[in-house]
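Coordinate inspection notes
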Amino acid sequence: MTDVRRERTGVGHGAAGASRAFQATVALWLLASVVMAGDARPDVSAFHGTDDQPALKLLSYRFERSDANFADMVDFPGGASLLGKAVEWGDLVLLYRADGRADVFRADDVDAIRLRRFRRHFEKPSKADLTVAYIERLPRDSSFHGHVTLADALPRLDIDPSKIASHPAPGSDVTFRIHVRNAGFAASAPCKWRALVDGKEIATGDLAEVAAGAEQVVEARWKWDAAGGMLRVELDPANATSDWLKWNNVREESLTAQAVAVVVDKTYYERFRQYPNMLDSFCFEDWLAAQMGSLNALFADSVHPSSPQGILERVRCDRILVVEEPDAPRHRDAWMPTLRQGGKSDGLAEYGALVVLDDTGDDRWDMYHPLKINWGLLGDIAGQMGLVDWTVTDTRLDQCLAVNRFERYVQRQHFFPYPNTFMYQHGPFRFSEVCAGYLNRMVGKPRGVSGEFLYDVPETISLDVRACNGAPLEGVRVDVYQLQAGGELKGYIAGAGPRDPLYSSVTGPDGRVDLLNQDAPSHQSPGGYALRANAFGRIATDGSNGLLLLKIQSGDAEEYHFLRLFDANVAFLRGNKQQWTIEVRTNFGVPDGPKSVLTIPILMDDRKSKAPPMQATWTMPPIPDPTSIEEFRVYKRTGFGGDNDYPNTLVGTLRRIHRRWSLVHEGTYFDPKHVLNDRYSRDTFYTVAPVDRQGRQGSLAPPGYLAHDKYPRKFAIDVDCAFITLGGPGPMQMLRWDGDIGTHPFGPRTLMAPGYRPDFAGIAVTADHQLVVTDPTNHVLALYDLRGDLQQIIPQRAYWPGFSSDKPGEFFEPVDVAVDGDGRMYVADRGNNRVQILDAQGHPLSNLDEGFRFDAPHAVAYSNGHIAVTDHAGRRVRLYDIREGQAKLVRELTDLVEADRAIVSRSGRLYVTGFNPISEEYGLMIWAKDNDVQPVETRTSVDMGLVHEPRGLYLYTNTLDQDYAYFVNIFPFDVRRLFME
C-alpha cells in the first residue's frame, strides 16, 4: 500500500513532486473487532465532481479492468473514505467504480489517496495489447533551444529567427510516423488501422502481427492545413481482435501541440514491463501519455479573467529514444545531435521541450512508481516552454537589508502568496494567470526563451496611501528597495547600497505617489516582448528581481509592503497597460488623531500551567488630557510577511477604566493556522491604537512581540541594550531588548560571508561593543557590530556549512563564550570537551585548565576576574580565578540540576541559574563565599519581577560602579536583574 498524502506547504521540484508525499508501506493482515455507531458511510454527493470539466474531455482512458476489484482509498477531510480505482488527472482525482464510471473530485478537496495493490492486480495478460505508443510528425517544428544567449541579462538569439518556421507551409507534405507497440505478453493478430484529421480519414492500412513487447511503424501522409485541429489514430477500428485493453488503441492529439522529445534509460524503460501503470497497461509509452495528458488537463482548466478558455497550448510526445545511461557524457554526445536538424550539435532543436529520464535505481523503484504522476517531469516541460519558477522571490529574513527608523535591520520575508499554482509547486495545481497569458500568446511559436513575458508591466505604477479610516494621507514617505538579481548584493532586498533605498518619494495631498520608472535598455525579446523603463528596471527573465519592498513611513509609524512583478504582470493582462494604481491600506492614524502609546510590554506572571494568561500592558499616551481617549483598539499581526500580506487585525477593544490600561488576551497566543499559507512563522505582534472621543484613531504603538515555539539559549548585555539567542524552529533566532521598547526580533546580516547561514547559541559583548556569538552548527565564532553586520568569522571558512575540528583555534560544536577584562575570549567547545582561550583578535592561546578534561561544557561566564564553566549536563560548576594571568581553580559546585551560567560578586558570593532540588523551584541560586554544599537562598523574585526558569546569567556594571546580575526568563523572554552583594 502507498499513501499519497497532500503536502500543501512543500515546494517540490523532484521527480515525484511535492504536492503529494508517496510513502510505500507494508500491507498487514489484521484481525480486529470494530464497533460502529450509526451509518459511517460517507455522503458521496458531497464529494462528487462534475463531468463537464475541460480536463475530462482530454481523457481517452476507459476503465476496463473491473474484474480486478480495485480497493484504493480516497480520504476526505473529516475522516470519510471511498473505495475504487484512484487515478490523478490534472488537478482532479478520479475514482473508478466497477461499472466503469468515475467519481470526480478536486485534488484540493482530497486529504489522501492510498493506493493499494494485491497479487491479482499484477497478473500479466496472456493476450496482446496494442497501443499507439507515440506519433512523429515530419517535418518537425524547430525551436530556439540552444541558441539563446544572455547578453547583459537580456535574451538574444545567435541565429536569424526568420529562418525558423513555426509550422510546415500550407499545402506542403506532412508525414505522420505512427509507432504501434504491443504492450501485452502474446503476439497480436493482424488488424486494420486508420488516421483521421478532424474526423476525416486521411490514411488507412493493414497492421501485421506484432510480437509481444515489439513495435511496428506505419505512416500516414497529409497536406498541411493551418486550420487543422486534431489528429486521431485508431487501431482495429472494427474491433475485430481480442486486445486485452481497447482504450489505448486510439490516440488523439493536437496538430499544433508542442513536440516533446523523451530520452529514457533502457533499464528504466524496461521496468515498466514489471508492473501495470496507472492506466492498467504494462508499458512506458502509456504511462508517458498519461503524464502528457495530465499536463494538458492542467492547461485546459487554467481559466482566468484574461484567459477565459484556459490555456490553449498542448503538448505531445514526438520521439522516444531508449539509450544506455543517457546522462553519461559519451552517450549524450551520441544522442543529442539526433534531436537537431541535420544531426548537427549546433543545428536547430526539433522539439519544444526535451525530457531525460535516467534510471531511478532499485531503491526508488517499486510497484507504485508507474501509478503516479511525475510532477517534476511536467514542471521541467513547462519550464522549457518559457515559464518561470515563482519561488525565486521567496526570501529569508536575513536577505532583507532595509532598515527601520532606529537604523536596525527590518525583519521581513516574502513568500509567493499563491502557492497552489503549478509553477510554484509542481503538483495538481492550475497554472497562474501570467503563465496562461504567455502560453496563449505563444501558441504555435518556437520555444527556448524563458521569462520574456515578465517585461509586460504597466507604464506607470502609482500608490494611493490611505489612513486607517480610508482617508488619503499627505506627506507619507515611501522608500523603495528591490530584490537584487546580480552584483554584490545578489539575492538581497537592498537599494542604492546595503542599507539605503533605491529612491524615496512623498505622497501628495491626494495621498498618491508614482513609483519611479527605473532605467532599462530598450530591448525586444525573441518572442516580441519589449523591455523599457519601468518600476522594476532591468527585469531579470528568471524573475529574480521581481520584488519591491516599500517602506512606508508617517511620523514615527512604519509599515512594509511587498509589490510583486507577478501582480504587475496580471494587471497588464487585465488591461492596465498604461496606468495601474494600488490602494495601500495602512494602520496609520488619521492626521488629527491622538498620539500613539510609547510601548507594549508583555507580562506573564503565572507560568505554572501549560498556557498561562498573558497580559499586554501600556500607559496613557503623552497627551495633555488623558480623559480625551475614548478607547484603545488592540491589534495582532502574525509572522514576518509584508503588512499587505499579513496586516494587523483588530482582536479587541478596551474602554477607559483606570489611568493604567491592560488587556488579558483570552485565547491562544498564536494563530493555529494562517489564512494565506502556513510557511511564515507564527511569531506574533500585539499593538494598540488610541481612539479619542471624536472617533479618530491614532497610529499603532511599537508592538509587543512573542516568539513562537522557542526557548532561550544565552544572554548578553551592552550599555543600553541586551541580546538573547534562541533555540527552536522558525526564522527568528535572536532578540534585542532595551528598556524603551522591550524585546523585539534582531537579525544579523552576513554580507561579508556569502553562503554562510548562521546559528546562534552563546553570546557575549566585547570591550569595543561587538557581539561575539558561537555557532555550533557551522563550528565557528562570529563577531557582529551592534547593528547586526557580520565583522569576522573565527576560523574563516571558504565553504559552508562549516566543519568541526579539534585543532587549536577551531571548534566542534561551540555553545557559549565569555570575554574577560583584557578582551580574551573563552569558548565552551562542547564537542571537544574543552574551553579554549583566544586573544581579542581570535588567535588561539591555550585551553583553560590544560590538565583537566571538561565534560561537554555548555556555559561559560566572566565576572570580577573569574571564569565559571558549567558542564556535566548542568550538574557541575567550576570557578577559576584568572586575575594573576593563570587560571586557578577556587571552587567547584557539584550535584547541581539544570545549571546554566554562573557569576561571582566582588564579595565572593556565587550566583547560578538552575533548579533547586531541595526547594523544588527554578530560580537564581546564591552560594555564600565559603559554602559549596548548598545555596543560602534561591531567588524567585527580583527587582524587575518574578523569575521563571532563568538562563544566560550576565554581569553588568553600571556607571555608579554597581554590579548587577542580568538574565532572561523563559517565554515570553522577559529580562530580569538583581543587585549583586
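Calculation rules
- Residues numbered from 1 in each chain as written.
- Predicted model: local features only at pLDDT ≥ 70, side-chain atom pairs only at ≥ 80, totals over all residues.
- Heavy atoms only, no water.
- Axes fitted to C-alpha atoms, helices over the stretch in contact; angles between N-to-C directions.
- Helix = DSSP H or I, 4+ residues; strand = E, 2+ residues; numbered from the N terminus.
- Parallel < 35°, antiparallel > 145°, perpendicular 65-115°, else oblique.
- Left-handed = near helix turned anticlockwise from the far one by under 90°.
- Contact = heavy atoms within 4.5 Å.
- Nonpolar A, V, L, I, M, F, W, Y, C, P; charged D, E, K, R; others polar.
- Buried < 20%, exposed > 50% of the residue type's maximum accessible area, 1.4 Å probe, protein only.
- Salt bridge = Lys/Arg side-chain N within 4 Å of Asp/Glu carboxyl O.
- Core = buried A, V, L, I, M, F, W, Y, C linked by side-chain atoms within 4.5 Å.
- Pairing = 2+ DSSP bridges.
- Polar contact = N/O pair within 3.5 Å; in protein donor to acceptor, adjacent residues only side chain to side chain.
- Phe/Tyr/Trp six-rings, centres within 6.5 Å; stacked < 30°, edge-to-face > 60°.
- Lys NZ or Arg CZ within 6 Å of the ring centre and 35° of its normal.

1. Focus: the packing of helix α3 (residues 284-301) against helix α5 (residues 375-384)
- Packing of α3 against α5 leaves a shortest axis separation of 10 Å and a crossing angle of 60 degrees. With respect to α5, the element α3 is oriented oblique. The handedness of the crossing between α3 and α5 is right-handed. Taken together, the residues of α5 that come into contact with α3 (itself represented by Trp287, Gln291, Met292, Ser294, Leu295 and Leu298) are Trp375, Leu377, Leu378 and Ile381.
- When the residues that make up the contact of α3 with α5 are grouped by side-chain class, the tally is eight nonpolar, two polar and no charged.

2. With respect to helix α7 (residues 565-573)
- Across the nine residues that make up α7, a large majority, eight, are buried.
- Residues of α7 that are buried include every one of Leu565, Phe566, Asp567, Ala568, Asn569, Val570, Ala571 and Phe572, and no others.
- The inward-facing, buried residues of α7 abut α6 (433-441), β20 (460-466), β28 (557-564) and β29 (579-585).
- Note on α7: the residue one or two positions beyond its end, glycine 575, has a positive phi of about 105 degrees.

3. Description of the pattern of salt bridges
- One pass over the full model with this rule turns up 69 salt bridges.
- For lysine 85, the salt bridge identified is with aspartate 280, shortest N-O distance 2.4 Å. Of this pair, lysine 85 sits in strand β4 (residues 81-89) while aspartate 280 sits in the loop between α2 (266-271) and α3, and the two are 195 residues apart along the sequence.
- We note a salt bridge from arginine 140 to aspartate 318, for which the minimum N-O separation is 2.4 Å. Placement of arginine 140 in the loop between β8 (130-138) and β9 (148-151) and of aspartate 318 in strand β18 (residues 315-323) is noted, with a sequence separation of 178 residues between them.

4. Re the nonpolar core
- Membership of the largest hydrophobic core comes to 105 residues, with the highest contact counts inside it found for Val262, Phe284, Ile381, Trp390, Phe431 and Leu515.
- Examining the composition of this core, we find that nine residues originate from one element, α3, more than from any other.
- With sequence-adjacent residues up to four places away left out, valine 262 is seen in contact with Phe284, Leu288, Met292, Cys317, Arg319, Ile320, Leu321, Val355 and Leu357.
- The next biggest cluster of nonpolar side chains, apart from the first, holds 69 residues, and it includes Val634, Phe715, Tyr784 and Val819.

5. Points about unusual backbone geometry
- Between isoleucine 794 and proline 795 the backbone carries a cis peptide bond, its omega angle lying at -10 degrees.
- Along the chain, proline 795 falls in the loop between β44 (790-794) and β45 (814-819).
- The peptide bond linking phenylalanine 971 to proline 972 adopts the cis configuration, its omega dihedral lying at 10 degrees.
- Considering the arrangement of structural elements, one finds proline 972 in the loop between β60 (963-968) and β61 (975-979).
- Although it is not a glycine, histidine 779 adopts a positive phi angle of roughly 60 degrees.

6. A short note on the sheet that holds strand β35 (residues 684-692)
- Taken in spatial order, the four strands of this open sheet run β33-β32-β35-β36, and their pairing is antiparallel. Each edge of the open sheet carries a strand with a single partner, namely β33 (649-655) and β36 (704-706). Pairwise comparison of adjacent strand axes, ignoring direction, gives a mean angle of 25 degrees for this sheet.
- With three bridges joining them, β35 and β36 adopt antiparallel strand pairing. Along β36, the bridge assignment pairs tyrosine 686 with glycine 704.

7. Re the side chain of aspartate 280
- Residue aspartate 280 is classed as buried on the basis of its relative accessible area of 3%.
- In this structure the side chain of aspartate 280 is engaged in a polar contact, spanning 2.4 Å, whose partner is the side chain of lysine 85.
- Setting aside residues up to four positions removed in sequence, aspartate 280 forms contacts with Tyr61, Phe63, Arg65, Phe70, Lys85, Trp244 and Leu245.

8. Topic: the packing of α6 against α7
- Close contact between α6 and α7 brings their axes to 9 Å; oriented N to C, the two are set at 55 degrees. If you check the angle between α6 and α7, you find them oblique. Crossing hand, α6 versus α7: left-handed. Between α6 and α7, the contacting residues are Glu433, Val434 and Gly437 on the first element and Phe566, Asn569, Val570 and Leu573 on the second.
- When the residues that make up the contact of α6 with α7 are grouped by side-chain class, the tally is four nonpolar, two polar and one charged.

9. Re the side chain of serine 307
- Topologically, serine 307 is positioned in the loop between α3 and β18.
- With relative accessibility at 2%, the residue serine 307 sits in the buried group.
- If we ignore the near neighbours within four places in the chain, the residues touching serine 307 are Ser302, Ala436 and Asn440.

10. Details of the packing of aromatic side chains
- Applying the stated criterion to the full structure yields 46 aromatic pairs.
- Summarising the aromatic geometry, the rings of tyrosine 268 and phenylalanine 272 are spaced 5.4 Å apart at their centres and angled 75 degrees between planes, so their arrangement reads as edge-to-face.
- Classification of phenylalanine 272 as buried rests on a relative accessible area of 1%.
- For the ring pair phenylalanine 422 and phenylalanine 431, a centre distance of 4.8 Å and an interplane angle of 40 degrees mean the geometry is tilted. Taken as a pair, phenylalanine 422 and phenylalanine 431 share a single burial class, namely buried.
- One aromatic cluster is present, formed by Trp390, Phe416, Tyr418, Tyr424, Tyr438, Phe453, Tyr529 and Phe566 through successive ring pairs.
- Above the ring of phenylalanine 803, the side-chain terminus of arginine 797 is found at 3.8 Å from the ring centroid.
- Here the guanidinium or amino end of arginine 878 rests over the ring plane of phenylalanine 852, the centre of that ring lying 3.6 Å away.

Fair warning: the whole summary comes from geometry, so function is off the table for now.
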